[in-house]
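Coordinate inspection notes
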Amino acid sequence: MSAAPNLLRALEHASLKQTLEAHARFLTGRPGGRRANLAHADLSNVMLEGVNLAEAELTGARLNGATLKGGDLSRAVLFGADLRDADLRAANLSKADLRGVCLRGANLSYANLTGADLREGRIAMQDAEFGFRILSHDRRPGDLAYTVMAGANLDGVQVSEDSRSADLTDAVLSGAQLGGARMVKTLLDGADLSGAEMFNTDLSGASLKRAVLTGVDTSSANLEQADLSDVLRAPPPIVYIDDLPLGEVVADHERYCASHGAEGAIAKVARVDFRSLRQLRRRVLTGIQAQGAIFFGMDMEGVQLQGADLTGADLRGANLRAADLRGAKLLDARLDRADLRGANLDPLLIAEGRHLRSNLTRAVLRQADLRDARARNARLLEADLTGAKLAGADLTGAEREF
């Protein structure tokens, strides 16, 4: 019996460099440009950090062990490519054709895979003796087992085949097509699975702590021994606090603030789910006591939260643009992917010569947008700012660990 066919072609460094230069001209419309054709090229263990291979042809390429950290592979064709153990941290793979790729052991932490196609796919070639034969990797195509995708954006991705023991902690999988996927013992803690399709998905033994399952039908999914503690499902249509609707409690709090305590009452709403209110744009919530409250994905642009106690609050994906958070207590708060552009986290003047500093100790701000925000003298001890956008942010005097 003949050996399995091998289409891989060696590529010298000089030839690769020329290909990348011509591709750069192609992308910018300059003369001499040519789309990179690296189909079936052996690029194993190559160092291409930050490379721009958008729209490139990489069908069947061997990229195992390659370093592509921060690279742009958007709309690239990687059909049947071998990406085992590749470093793709923070890479852009949006709308890439990843059918049949082998990602076993790859690191895609904080990568963007929005709209990528990760379904099964196989490459066949003509064989003189045996007709068409299927080319395969050492592990089968579509293998996501042991892949690290923590914090990755997989919005609308299509997944099939084996994803067991993959790390998808805090990943965005909203609208993902996961029907029939084998995700045994997969880590999905804090993942956003809003609207994901889970028909016959095998999640046995998976960890879904704090995962978002709004609009998800799990009736046919296998959740045997899965950890579903503190998952977020659809919010209740109305929330009552001591027999008062939450909307009235918030209105009373605003009256208390406007009247300097003469009317209304301070809202004490620990662990309350605010999502039933839909939005809190420009509301006056100064000094609110909302420890562990849920504001996931809410529009809170311009909200006033000076001196508020938001310890352990869930503000993932919230719009806090231009919010007034002076002196706010945000210890252990979750602010993953929150929009904090132009937000004010400076100290709050409480008396002459006395200021209350904003406290974000142990707060999680992964991939949060803090551009042009002010957080002077803020406490950011043990805060997680992985992937956060900090351009123009004023962190003068902030307590941080380096």
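Before any of the text, the structure's been laid out above.
First, a word on what this report is: a plain description of the structure on this page. Bear in mind that the values here come from a model prediction, so they are computed numbers and not experimental data. (Residues numbered from 1 in each chain as written. Predicted model: local features only at pLDDT ≥ 70, side-chain atom pairs only at ≥ 80, totals over all residues. Heavy atoms only, no water.)

Of the regular secondary structure elements, the chain holds 2 helices and 8 strands. Overall, the C-alpha framework of the chain stretches about 90 × 50 × 35 Å when taken along its three principal axes. Every one of the 402 residues in the chain was classed for burial, and the buried ones make up 50%. A separation of at least 24 residues holds for 27% of the contacts in the chain among residues at least 6 apart in sequence. As displayed, the chain offers around 18200 Å² of accessible surface, 46% of which is attributable to carbon and sulfur atoms. Across the chain, the 50 positively charged side chains and the 54 negatively charged ones have centroids separated by 3 Å. (Helix = DSSP H or I, 4+ residues; strand = E, 2+ residues; numbered from the N terminus. Buried < 20%, exposed > 50% of the residue type's maximum accessible area, 1.4 Å probe, protein only. Contact = heavy atoms within 4.5 Å. Areas by Shrake-Rupley, 256 points an atom, 1.4 Å probe, with all protein chains shown as cover. Lys, Arg positive; Asp, Glu negative; His and termini not counted. Charge placed at Lys NZ, Arg CZ, Asp CG, Glu CD.)

All right, on to the nonpolar core then. Core analysis: the biggest nonpolar cluster contains 61 residues, and Leu88, Leu113, Leu154 and Leu173 have the highest contact counts within it. Those residues in contact with Leu173 that sit more than four places away from it in its chain are Leu154, Val157, Leu168, Leu188, Ala191, Asp192, Leu193 and Ala196. In this structure, Ala267, Met300, Leu360 and Ala373 belong to the second largest nonpolar core, which totals 48 residues. (Core = buried A, V, L, I, M, F, W, Y, C linked by side-chain atoms within 4.5 Å.)

The next point concerns empty space enclosed by the protein. Counted according to the given criterion, the structure contains 2 cavities of 30 Å³ or more. Here the largest cavity is characterised by a volume of approximately 100 Å³. Around the largest cavity sit 14 residues that line it, and Leu345, Leu370, Ala375, Leu380 and Leu395 are the ones nearest its centre. Of the residues assigned to the lining of the largest cavity, the class counts are 12 nonpolar, no polar and 2 charged. (1 Å grid on protein atoms, 1.4 Å probe; cavity = no way out; pocket = protein on both sides within 12 Å on 5 of 7 lines; lining within 4 Å. Points joined across faces, edges and corners; volume = space filled by probe spheres on them. Nonpolar A, V, L, I, M, F, W, Y, C, P; charged D, E, K, R; others polar.)

Our next topic: the environment of Ile238. You can see Ile238 is positioned in the loop between strand S4 (158-159) and strand S5 (240-241). A relative accessible area of 44% means that Ile238 is categorised as partly exposed. Residues Ile238 and Asn377, spaced 139 residues apart in sequence, show a C-alpha to C-alpha distance of 39 Å.

Let us now look at the packing of aromatic side chains. The full count for this structure, using the stated rule, is 1 aromatic pair. For the ring pair Phe274 and Phe295, a centre distance of 4.5 Å and an interplane angle of 25 degrees mean the geometry is stacked. With Phe274 in the loop between helix H2 (246-258) and strand S7 (348-351) and Phe295 in the loop between H2 and S7, this pair connects stretches of sequence that are 21 residues apart. Exposure class is identical for Phe274 and Phe295. Each is buried. (Phe/Tyr/Trp six-rings, centres within 6.5 Å; stacked < 30°, edge-to-face > 60°.)

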